[in-house]
Amino acid sequence: MSNTTDKSGSMKKRYAVIFLLIAALVFGFLYAAGLFGGHGTTAQQFVNLQENNKPQFSFRRAHAKGVCLAGEFVSSGALAPYSTSEFFQEGSQPFVGRFSIAGGNPLAPDLAAPVRSLALSFASDSGQRWRTAMNTPPVMAVRTPEEFYQQIQVLTPDPATGKPDGEKIKAFFAAHPETAAFTQWKQNYTPTTSFATEQYHSINAFYLINGKGQRQAVRWAAVPQASAQPMATDISASDRDALQLELAQRLDGDTVRFALMVTLADASDDENNPTIAWPAERTSINAGTLVINAVQPQQGGACDGINFDPLVLPAGMEATADPILNARGSAYAESYRRRAREVLLEQNAAGAKQ
Amino acid sequence: MNNVKAFPTSAKLMHWLSAVLIICMLFLGVSMIQSLATWQNSAIKLHQSFGVLVLILVCVRLLNRLFIQTPALPSDLSAMQHFAAKATQILMYLLMIALPVSGWLMRNAAGLPVSVFGLFELPILVDAGMKAYGFYRELHGVVAWSLFGVIVLHISAALHHGLIRQDSVLPSMLFKFRSRK
């Protein structure tokens, strides 16, 4: 063997080493970025499913229709022994809120929605932030984001018939016995004629942390202070915006109030399982009153730019390991990213036309 | 012309620390934005905290460069190769600054501060707003992918110098270990 072929053979090996190292790095990165799939259900798939091929430009992908609220939380201080959060010390804190209905259609008829929501965003002068997105059901039907994805899949209307497949829904609920508490709530639930007379639940549990560093798992609910009544005679039940009109009427010269009732878990409750309702005898503390005093359309309203991510928590509160709660962060972020990109591109296009 | 053969130890240490941190952060970033797993909540907090460390590290490295002598490129490189080497280096520094800064601004545009290991928060630099969030969020993604691309070029070039040309470039950034006889 001559010296030159020996050298060129060794050079080929060296090139091969470089090629393999670079290929491993690039493929590893593309794999991590999900370009080859294989990560289970992703935030992108989730938001795609919520969009259902009909993304509503610049609107939230879930709970697209709603109104902005302004108000304050008047804290009783009763939660102060459980949490160092300044929001639970005696006093009041302003919030920006939003009432909404479930679904991706920003023009949906209010009274047809199966679920209503109340979301709140607090930002204190000292820089603390707290965001919560509460819904009318007290529990989730399922325990994990993968199962929740399947649940939304079976509830999504079939493009051929325009309706969800009843057989598939039955089969899904039969295969998931943990849906029992949700099904029971759904059977007993009658929607009221107002956003102000619904009860809204945190659904997931959170920890309160006190000055001694002790953790207490809690869930909370916004309990209406007004009682349900028939719809005002001048609002047609077939009006697409019936709930929004009713709310505006109610807030004309008055406030809408909810008690923030915080329920303490005991040792037998699993704070990481959002499918089980905690027994009624658990201690509940009235943390204070949510006072809503103004409503504003969401387009251009103060709530429109807020991502009501329930993982935004102040000092003195922490997320539990509930898989659904933790999945909400990246799913909400993906919806928010898509909306923000649309707003950015739309405004640039509008600017270019002028 | 200087006649130093290698980077000083301070520059080597910070170079390799940045390399590990930035590559881990890039992999974490592209993974966590898709994941619905419970770890992603902690991942976002770590990503913010380590992002601040990367920004500090890049600033210290740039300052350090003012005080150190860097080895010259081999004289047999073409003018084109000289230019490419300098240009990628400058581009890498720009991207290494733009990446954490765009992350900081996108948090602020979403109405949230950047928290550093839960110890303190960075000041809020821009007002909250959807358009601003859209801009900084997309910028953060574009800069991340660009930086990854430039890192791939950088490593390819380093390996080319080290394994093919076998010149002084790769050893100038490696730690010399005493050879055993």
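Higher on the page you've got the structure.
Here the structure is a predicted model, which means the values were calculated and not measured. (Residues numbered from 1 in each chain as written. Chains lettered and ligands numbered in written order. Predicted model: local features only at pLDDT ≥ 70, side-chain atom pairs only at ≥ 80, totals over all residues. Heavy atoms only, no water.)

Chemist: Please provide a residue-by-residue account of the overall build of chain B, values included.
Modeler: The helix and strand inventory of chain B stands at 4 helices and 2 strands. Scanning chain B from its N terminus toward the C terminus, one meets helices and strands in the order α-α-α-β-β-α. Taken over 181 residues, chain B has a buried fraction of 43%. Considering only intrachain contacts with a sequence separation of at least 6, the fraction spanning at least 24 residues in chain B is 71%. Surface summary for chain B: the accessible area is close to 10,000 Å², and the carbon and sulfur share equals 71%. Charge centroids of chain B, computed over 14 positive and 5 negative side chains, lie 14 Å from each other. (Helix = DSSP H or I, 4+ residues; strand = E, 2+ residues; numbered from the N terminus. Buried < 20%, exposed > 50% of the residue type's maximum accessible area, 1.4 Å probe, protein only. Contact = heavy atoms within 4.5 Å. Areas by Shrake-Rupley, 256 points an atom, 1.4 Å probe, with all protein chains shown as cover. Lys, Arg positive; Asp, Glu negative; His and termini not counted. Charge placed at Lys NZ, Arg CZ, Asp CG, Glu CD.)

Chemist: Now, about the interface of chain A and chain B: what can you tell me, with residues and values included?
Modeler: When the parts come together, some accessible area is lost, and that loss is often what is quoted as the size of the interface. In this assembly, 48 residues from chain A lie in contact with 36 residues from chain B. Of all residues in chain A, A:L25, A:F29 and A:R337 give up the largest surface area on contact with chain B, accounting jointly for 19% of the area buried on that side. Linking chain A with chain B are 2 salt bridges. Of the charged contacts, one joins B:E138 and A:R341 as a salt bridge, the two residues approaching to 3.5 Å between their closest N and O atoms. Our count for the contact surface shared by chain A and chain B stands at 11 residue pairs in polar contact (both at pLDDT 80 or more). Taken together, the elements giving at least two residues each to the side of chain A that touches chain B come down to α1 (3–32), α2 (43–51), β4 (129–135) and α7 (323–353) of chain A. Tallying contributions element by element places α7(A) first for the side of chain A that touches chain B, with 15 residues. Partitioning the side of chain A that touches chain B into residue classes produces 27 nonpolar, 14 polar and 7 charged. (Buried area = accessible area lost by both parts, 1.4 Å probe. Salt bridge = Lys/Arg side-chain N within 4 Å of Asp/Glu carboxyl O. Polar contact = N/O pair within 3.5 Å; in protein donor to acceptor, adjacent residues only side chain to side chain. Nonpolar A, V, L, I, M, F, W, Y, C, P; charged D, E, K, R; others polar.)

Chemist: Describe the side chain of A:Q93, naming the residues involved and giving the relevant values.
Modeler: Residues and elements named next belong to chain A. Mapping Q93 onto the fold places it in strand β2 (residues 91–101). The buried category is assigned to Q93, whose relative accessible area is 13%. The residues contacting Q93, other than those within four sequence positions of it, are G71, E72, F73, E86, F87, F122 and S124.

Chemist: Could you give an account of the pattern of salt bridges, with specific residues and numbers?
Modeler: Residue and element names in this part refer to chain B. Considering all chains together, one arrives at 15 salt bridges over all chains under this definition. Between D76 and R165 there is a salt bridge whose closest N-O contact spans 2.9 Å. Linking D76 in the loop between α2 (39–67) and α3 (79–109) with R165 in helix α4 (residues 130–165), this pair joins segments that are 89 residues apart in sequence. For D76, a relative accessible area of 56% translates into the label exposed. For R165, a relative accessible area of 27% gives the class partly exposed.

Chemist: Explain helix α6 (residues 242–251) of chain A to me, and be specific about the residues and the numbers.
Modeler: Residue and element names in this part refer to chain A. Those residues of α6 not exposed but buried are A242, L243, E246, L247, R250 and L251. Projected onto a plane normal to the axis of α6, the buried residues spread over an arc of 155 degrees and lie on a single side. Against the buried residues of α6 lie β1 (65–75), β2, β3 (116–123), β8 (256–264) and β9 (284–297). Of the residues one or two after α6, G253 is the one with positive phi, at around 85 degrees. (Arc of directions from axis to C-beta.)

Chemist: Any chance you could break down α4(B) for me, citing the residues and the numbers?
Modeler: Taking 1.5 Å of rise per residue, the 36 residues of α4(B) would be expected to cover 52 Å, and the 50 Å separating its terminal C-alpha atoms lies within 8% of that figure. Of the residues flanking the end of α4(B), it is B:Q166, one or two places downstream, whose phi is positive at about 50 degrees. (Expected span 1.5 Å × (residues − 1).)

Chemist: I'd like a rundown of the state of the cysteines, residues and numbers included.
Modeler: Residue and element names in this part refer to chain A. Under the counting rule described, the total for this entry stands at 1 disulfide over all chains. One disulfide in the model links C68 with C303; its S-S distance is 2.0 Å. As the torsion about the S-S bond is roughly -80 degrees, the C68-C303 disulfide counts as left-handed. Here the residue C68 occupies a position in strand β1, and C303 occupies one in the loop between β9 and β10 (317–319), the gap between them amounting to 235 residues. Here the two residues C68 and C303 agree in accessibility, since each one is buried. (Disulfide = S-S within 2.5 Å.)

Chemist: Can you tell me about a nonpolar patch on the surface, naming the residues and giving the values?
Modeler: Residue and element names in this part refer to chain B. A cluster of nonpolar side chains, contributed by L46, L53, I56, V60, F117, L119 and F120, occupies part of the molecular surface with about 650 Å² of accessible area. Examining the composition of the nonpolar patch, we find that 4 residues originate from one element, α2, more than from any other. Along the polypeptide, F117 turns up in the loop between β1 (115–116) and β2 (120–121). (Patch = residues over 30% accessible without salt bridge, like charges linked within 9 Å, V, L, I, M, F, W, Y side chains within 5 Å.)

Chemist: Quick one: what's the story with the packing of helix α1 (residues 9–32) of chain B against α2(B), residue by residue and with numbers?
Modeler: All names here are of chain B. Interaxial distance between α1 and α2 falls to 9 Å at its minimum, and their mutual angle equals 150 degrees. Overall, the two elements α1 and α2 adopt an arrangement that is roughly antiparallel. The two elements α1 and α2 cross, and the hand of that crossing is left-handed. Among the residues making up the contact of α1 with α2, the classes are represented as 15 nonpolar, 9 polar and 1 charged. (Axes fitted to C-alpha atoms, helices over the stretch in contact; angles between N-to-C directions. Parallel < 35°, antiparallel > 145°, perpendicular 65-115°, else oblique. Left-handed = near helix turned anticlockwise from the far one by under 90°.)

Chemist: Can you lay out the pairing of β4(A) for me, pointing to particular residues and giving the numbers?
Modeler: Residue and element names in this part refer to chain A. Among the 7 residues that make up β4, 7 are buried, leaving the element largely enclosed by the rest of the structure. Burial of the side chains of β4 extends over both faces: R129, R131, A133 and N135 are buried on one face and W130, T132 and M134 on the other. Linking β3 to β4, which pair antiparallel, is a turn of 5 residues; within it G127 sits at a positive phi near 95 degrees. (Pairing = 2+ DSSP bridges.)

Chemist: Please set out the packing of aromatic side chains residue by residue, giving values where relevant.
Modeler: What the rule picks out here adds up to 25 aromatic pairs over all chains. Residues A:Y200 and A:F258 carry aromatic rings whose centres are separated by 5.7 Å and whose planes lie at 70 degrees to one another, so their mutual orientation is edge-to-face. Of the two residues, A:Y200 is situated in strand β5 (residues 200–201) and A:F258 in strand β8; the sequence distance between them amounts to 58 residues. Taking relative accessible area as the criterion, A:F258 reaches 0% and is therefore assigned buried. Where B:F135 meets B:Y136, the ring centres are 5.2 Å apart and the plane angle is 75 degrees; that geometry is what we call edge-to-face. For B:Y136, a relative accessible area of 17% corresponds to the buried category. (Phe/Tyr/Trp six-rings, centres within 6.5 Å; stacked < 30°, edge-to-face > 60°.)

Chemist: Can you explain unusual backbone geometry? Please cite residues and give values.
Modeler: Leaving glycine aside, a negative phi is the common case for residues, and trans is the common case for peptide bonds. Even without being glycine, A:H63 reaches a positive phi, approximately 55 degrees. Note that A:H63 resides in the loop between α2 and β1. In the Ramachandran plot, B:Q166 falls in the positive-phi region, its phi being about 50 degrees despite a non-glycine side chain. Looking at where B:Q166 falls in the secondary structure, it is placed in the segment after α4.

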